[in-house]
Amino acid sequence: MNKYIFILFIILVSTINVQAEPFNITTVLSVPHLAPGDRNIGLEFTIQNNQDTSTDKVKAYLFLRYPFSASVPPNNNLGELSNPGYLISAGGSGDEYSPYFDLPPHMSRKTFFKIDIDRSAKYGVYDLPYTVFYDNREYNGKITLTIKGETLIEIKNVSVGSNNSPVEPGEVFKIQISLENVGDNEIKWLKISMEPRDKALVPLSSDSEMIFKDIPQGSQKNSEIMFSLEKDSLIKNYPIDLVLNYLDERGIEYNETRLFGIVAAGRANIDIAKKTTDPARVLGDQPFTLTIKIENTGTGDAKGVTAHLESNLSGDNIAYLGEIKKDDYSNAIFTLDADGSGKKTGFLRIEYEDDFGKHEIQKDVIIVVGQEESNNLLPFLIGIIAIAAILLFVRRRKH
């Protein structure tokens, strides 16, 4: 007995379910995705009759809301259709419905709507309610439409990271890129490639690209690629093409190229290469010329070079050398007076400027000053006369 009651309960439940769902509704859009400003989008509306009986005078209403509107002007009269297969209601409500049709049991029927999307529509998911009227009854539901917005990638920042901030020839450095998905659509994958236009820039990995997957709207990604600049590279701007390849959630692929560059900066390396005097042997209390060869062995030019000789030697102790290019030299010449004999110590203070700013270095300078030779020949002559007189006196005594 209980078994029969259970079977009867299952039948009743099945009957209620069938009655609760008299129709299956399926929809198909005429385009793969919806975007703001789209016009005349076809919406295929299929009604499947799940009942065992035929339904008469079936009609379907689609209730349009912002940002959706009807593509066909309102027409409230059956038989006066601008587009056969559906009808748009009057009264400015924007509702759209199909003409009457009969639907046999377990059969389906397609009807069509055409809709527009406002240009100011925002990215998002929208529900559009519908009602199917049949046999003085109604069946309600809703369809869900997704509007896709713009797909936009913004480069937020490109920075060059090195020990010296500017890049110096012969240096290893990294390029950091920060980007953000500022569009409305999700990015399924994105590839960043950095392609230098000059062979002097060399990536340190086998390739200079990075790949990211699944970048939601509003999220950021950061990449970092190491490069080196050849030792003998010129001091100039080095352009790099930043190539972006990405695919959004609609399946649309984008290819963009952005241009940026790095600035190679030269660092001067100033040192004393040689020191000479004229005359070669400096004597006390006599003027002489000191020549110091100053050379630049760095990667950049030295500008505004000035040499100050600070010692107890009097005279012209400042030399203005101007610019010394890399791998070149200039002579700092000082006209001085030797003050007494002995070892004279001091230092040479060199000031200059390069691409990294102003600099000052100090180098020790040592000059040996000899004793002055006497110009009075009288003692020497007296000595010679005395020796000659002695020799003459000795010779006469022998005779």
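Computed from a predicted structure; not experimentally measured.

1. Considerations on the sheet that holds strand β13 (residues 187–196)
Here four strands make up an open sheet; going across it, the order is β15-β13-β17-β18 and the pairing antiparallel. Two strands in the sheet have a free side with no partner beyond their single neighbour: β15 (209–215) and β18 (253–263). With direction set aside, neighbouring strand axes in the sheet form an average angle of 20°. As paired strands, β13 and strand β17 (residues 237–248) are joined by nine bridges and run antiparallel to one another. Counted as the bridge partner of Met-194 is Leu-242 from β17.

2. Description of unusual backbone geometry
Here the bond from Tyr-66 into Pro-67 is cis, since omega is 15°, no more than 30 degrees from zero. Along the chain, Pro-67 falls in the loop between β3 (55–62) and β4 (68–70). Cis rather than trans, the peptide bond between Asp-278 and Pro-279 has omega equal to 5°. Tracing the backbone through its elements, the reader meets Pro-279 in the loop between β19 (270–278) and β20 (282–283).

3. Structural notes on the sheet that holds strand β11 (residues 153–161)
Remark on secondary structure: sheet strands pair via backbone hydrogen bonds, oriented parallel or antiparallel. An order of β11-β12-β16-β14 is seen for the four strands of this open sheet, with the pairing classed as antiparallel. Each end of this open sheet is capped by a strand with a single partner; those strands are β11 and β14 (201–203). Adjacent strand axes in the sheet meet at a mean angle of 30° when their direction is disregarded. As paired strands, β11 and strand β12 (residues 172–181) are joined by eight bridges and run antiparallel to one another.

4. Let's talk about the pairing of strand β16 (residues 220–229)
Bridge count for β12 against β16 is nine bridges, and the pairing is antiparallel. In the strand pairing of β16, Glu-180 is matched with Gln-220. Sheet topology note: the β14/β16 ladder contains three bridges and is antiparallel. If you follow Pro-203 over to β16, its bridge partner there is Phe-227.

5. What to know about the side chain of Ser-219
Along the chain, the position of Ser-219 falls in the loop between β15 and β16. For Ser-219, a relative accessible area of 19% corresponds to the buried category. In terms of polar contacts, Ser-219 uses its side chain to reach the backbone carbonyl oxygen of Pro-216, at 2.8 Å. Every residue in contact with Ser-219, bar those within four places of it in the chain, is listed here: Leu-179, Glu-180 and Asn-181.

6. A few points about the confidence of the model for the chain
Mean pLDDT for the chain: 84, with 84% of residues reaching 70 or above. Confidence over residues 13–18 falls short of pLDDT 50; this stretch has one contact with residues more than four positions distant or in other chains.

7. Considerations on empty space enclosed by the protein
Summed over the entire model, instances satisfying the criterion amount to two cavities of 30 Å³ or more. Put simply, the second largest cavity is a space of about 40 Å³. As for the second largest cavity, its lining consists of Leu-309, Ser-311, Leu-313, Lys-344, Thr-345, Gly-346, Val-365 and Ile-367. Counting residues per element, the ones that place at least two in the lining of the second largest cavity are β26 (342–354) and β27 (357–370). Ranked by the residues each element gives to the lining of the second largest cavity, the list is headed by β26, at three residues. Among the residues forming the lining of the second largest cavity, the class breakdown is four nonpolar, three polar and one charged.

8. Describing the pattern of salt bridges
Any two side chains of opposite charge can pair if their charged atoms end up close together. Under the criterion given, the structure shown has 19 salt bridges. The partner of Asp-116 in a salt bridge is Arg-39, and the shortest N-O contact between them spans 3.1 Å. Here the residue Asp-116 occupies a position in strand β8 (residues 108–117), and Arg-39 occupies one in the loop between β1 (23–29) and β2 (41–49), the gap between them amounting to 77 residues. Given the relative accessible area of 4%, Asp-116 is considered buried. By relative accessible area, Arg-39 is classed as exposed at 54%. As a salt-bridge pair, Arg-349 and Glu-310 come within 2.7 Å of each other at their nearest N and O atoms. With a gap of 39 residues between them, Arg-349 in strand β26 and Glu-310 in strand β22 (residues 302–310) connect regions that are remote in the sequence. Residue Arg-349 is classed as buried on the basis of its relative accessible area of 17%. Because the salt bridges share partners, they merge into one network encompassing Glu-154, Lys-156 and Glu-180.

Calculation notes
- Residues numbered from 1 in each chain as written.
- Predicted model: local features only at pLDDT ≥ 70, side-chain atom pairs only at ≥ 80, totals over all residues.
- Heavy atoms only, no water.
- Pairing = 2+ DSSP bridges.
- Helix = DSSP H or I, 4+ residues; strand = E, 2+ residues; numbered from the N terminus.
- Axes fitted to C-alpha atoms, helices over the stretch in contact; angles between N-to-C directions.
- Buried < 20%, exposed > 50% of the residue type's maximum accessible area, 1.4 Å probe, protein only.
- Polar contact = N/O pair within 3.5 Å; in protein donor to acceptor, adjacent residues only side chain to side chain.
- Contact = heavy atoms within 4.5 Å.
- pLDDT = per-residue confidence, 0-100.
- 1 Å grid on protein atoms, 1.4 Å probe; cavity = no way out; pocket = protein on both sides within 12 Å on 5 of 7 lines; lining within 4 Å.
- Points joined across faces, edges and corners; volume = space filled by probe spheres on them.
- Nonpolar A, V, L, I, M, F, W, Y, C, P; charged D, E, K, R; others polar.
- Salt bridge = Lys/Arg side-chain N within 4 Å of Asp/Glu carboxyl O.

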